[in-house]
Amino acid sequence: MFNNVFDLDLRLIRVFLAVVDSHGVSAAQAKLNVGQSTISAQLSALETRLGYRLCERGRAGFRLTAKGEKFADSARRMIDALTEFGMEARNLDKRLVGTLSIGLIGHTPAHHNTRLSEVIRRFRQRDEAVRIELLVRTPSELEEMLLNGSIQVAIGYFWRRVTALQYTQLMLERQVAYCAPPHPLFDRQGEIEPEEAASHAWAWRDYPVPPGHVPIHRRNIMAVTGNMEAMSILILSGQHLGYLPEEMGRDYVARGQMRALNRAQLSYEVGISVVTNRVGAEEPIVAAFLDDLKAMQL
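Residues numbered from 1 in each chain as written. Predicted model: local features only at pLDDT ≥ 70, side-chain atom pairs only at ≥ 80, totals over all residues. Heavy atoms only, no water.

Draft legend 1. The side chain of Thr 99, seen in detail. With respect to the secondary-structure elements, Thr 99 resides in strand β3 (residues 96–104). In this structure Thr 99 touches Glu 84, Val 130, Arg 131, Glu 133, Gln 152 and Ile 285, once residues within four positions along its chain are discounted. (Helix = DSSP H or I, 4+ residues; strand = E, 2+ residues; numbered from the N terminus. Contact = heavy atoms within 4.5 Å.)

Right, here's the structure in full:
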């Protein structure tokens with residue numbers, strides 16, 4: 001078993017991961033630039049060091065054992081940690097070093113994403129060597145990730161107010177109710193009364209939405225999702241009414257695929273906010289990014 005990881009072990013582990021990524025020993029030859037017999041010998045050496053078999057390989061094909069799957073996951077985490085350590089060690093002379101993890105809700109207005117790109121460009125002008133990670137999740141998932149430290153910054157719609165988190169509104173976005181053919185309300189777009197719309201089947205968010213919209217009875221909520229692309233699919237079926245960000249819905253309207261039910265009465269505004277953990281906001285990398293965000297007036 002491993003008591004200490006030596007250079008030889010790291011080399012063998014990298015060979016193993018290359019084979020896993022290539023889905024077999026023969027397929028990994030070009031990637032590793034060595035022969036199949038050499039790779040097989042290296043895998044056997046690693047298995048001997050570990051004391052158990054990592055994979056089945058032969059005429060029947062390549063397959064990881066249960067322990068091999070777990071070892072591959074652990075090995076990837078170790079290699080990632082070593083890579084980050086190497087980056088930090090090489091850049092200790094930089095003012096900002098480390099990782100900045102940013103969570104987004106997805107399908108925000110195009111001009112919002114353009115501004116965010118400008119903020120990142122501004123951040124990159126600093127004396128830094130920071131690895132930026134962007135991921136997309138639902139609002140509730142992003143709040144949980146902020147609390148457990150998986151991310152440092154989140155940008156999106158947040159209607160709850162978790163005490164440990166700090167919320168700063170960046171902008172307002174209008175949500176509008178839409179329908180699509182062959183829905184019976186499609187040809188009467190623009191004049192649908194809220195009470196009539198509420199009696200039809202709706203697709204709804206799987207997270208809390210702010211007050212201000214027409215209340216929909218639970219029995220009429222026939223589909224739920226937290227993803228706006230999925231919401232558009234449900235509306236485009238012609239079987240559900242649903243809210244979309246107006247900028248997103250406008251594209252469907254221009255193509256004749258959707259119509260707004262009644263923009264004046266069947267719409268509401270939501271705030272797009274940046275959220276941080278109150279403690280984590282003091283970290284130099286996070287503070288610098290927030291300063292750039294504020295400077296660009298996202």
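There's plenty left to go through after this.
Draft legend 2. Summary view of the environment of Glu 144. Examined against the element boundaries, Glu 144 turns out to sit in helix α6 (residues 139–148). Note: C-alpha distance between Glu 144 and Val 162 (18 residues apart in sequence) is 9.8 Å.

Draft legend 3. Structural detail: the confidence of the model for the chain. On average, residues of the chain score 87 in pLDDT, and 91% of them are at 70 or above. Least confident of the elements in the chain is helix α4 (residues 66–90), whose mean pLDDT is 83; most confident is strand β10 (residues 259–260), at 96. (pLDDT = per-residue confidence, 0-100.)

Draft legend 4. Up close: the packing of helix α2 (residues 25–32) against helix α3 (residues 36–50). It is at 9 Å that the axes of α2 and α3 come closest, and there the two elements cross at 105°. Compared by their axis directions, α2 and α3 come out roughly perpendicular. Residues Val 25, Ser 26, Ala 28, Gln 29 and Leu 32 of α2 pack against Gln 36, Ile 39, Ser 40 and Leu 43 of α3. Its residues assigned to classes, the contact of α2 with α3 comprises five nonpolar, four polar and no charged. (Axes fitted to C-alpha atoms, helices over the stretch in contact; angles between N-to-C directions. Parallel < 35°, antiparallel > 145°, perpendicular 65-115°, else oblique. Nonpolar A, V, L, I, M, F, W, Y, C, P; charged D, E, K, R; others polar.)

Draft legend 5. Representation of the nonpolar core in the model. The biggest cluster of nonpolar side chains holds 63 residues, and the ones touching the most others in it are Leu 100, Trp 202, Leu 244, Leu 261 and Phe 289. Among all residues touching Phe 289, those that are not within four sequence positions of it are Leu 100, Ile 102, Leu 116, Val 119, Ile 120, Phe 123 and Val 153. Among the nonpolar cores identified, the runner-up in size contains 20 residues, and Ile 13, Val 15, Leu 64 and Ala 72 belong to it. (Core = buried A, V, L, I, M, F, W, Y, C linked by side-chain atoms within 4.5 Å. Buried < 20%, exposed > 50% of the residue type's maximum accessible area, 1.4 Å probe, protein only.)

Draft legend 6. Local environment of α6. Within α6 the residues assigned to the buried category are Pro 139, Leu 142, Glu 143, Met 145 and Leu 146. Buried residues of α6, viewed axially, fall in a sector of 160°; they line one side. At its buried positions, α6 is contacted by β3, β4 (128–136), β5 (153–157), β6 (165–179) and β11 (267–277). Where α6 ends, the next residue or the one after it, Gly 149, has phi of about 85°, a positive value. (Arc of directions from axis to C-beta.)

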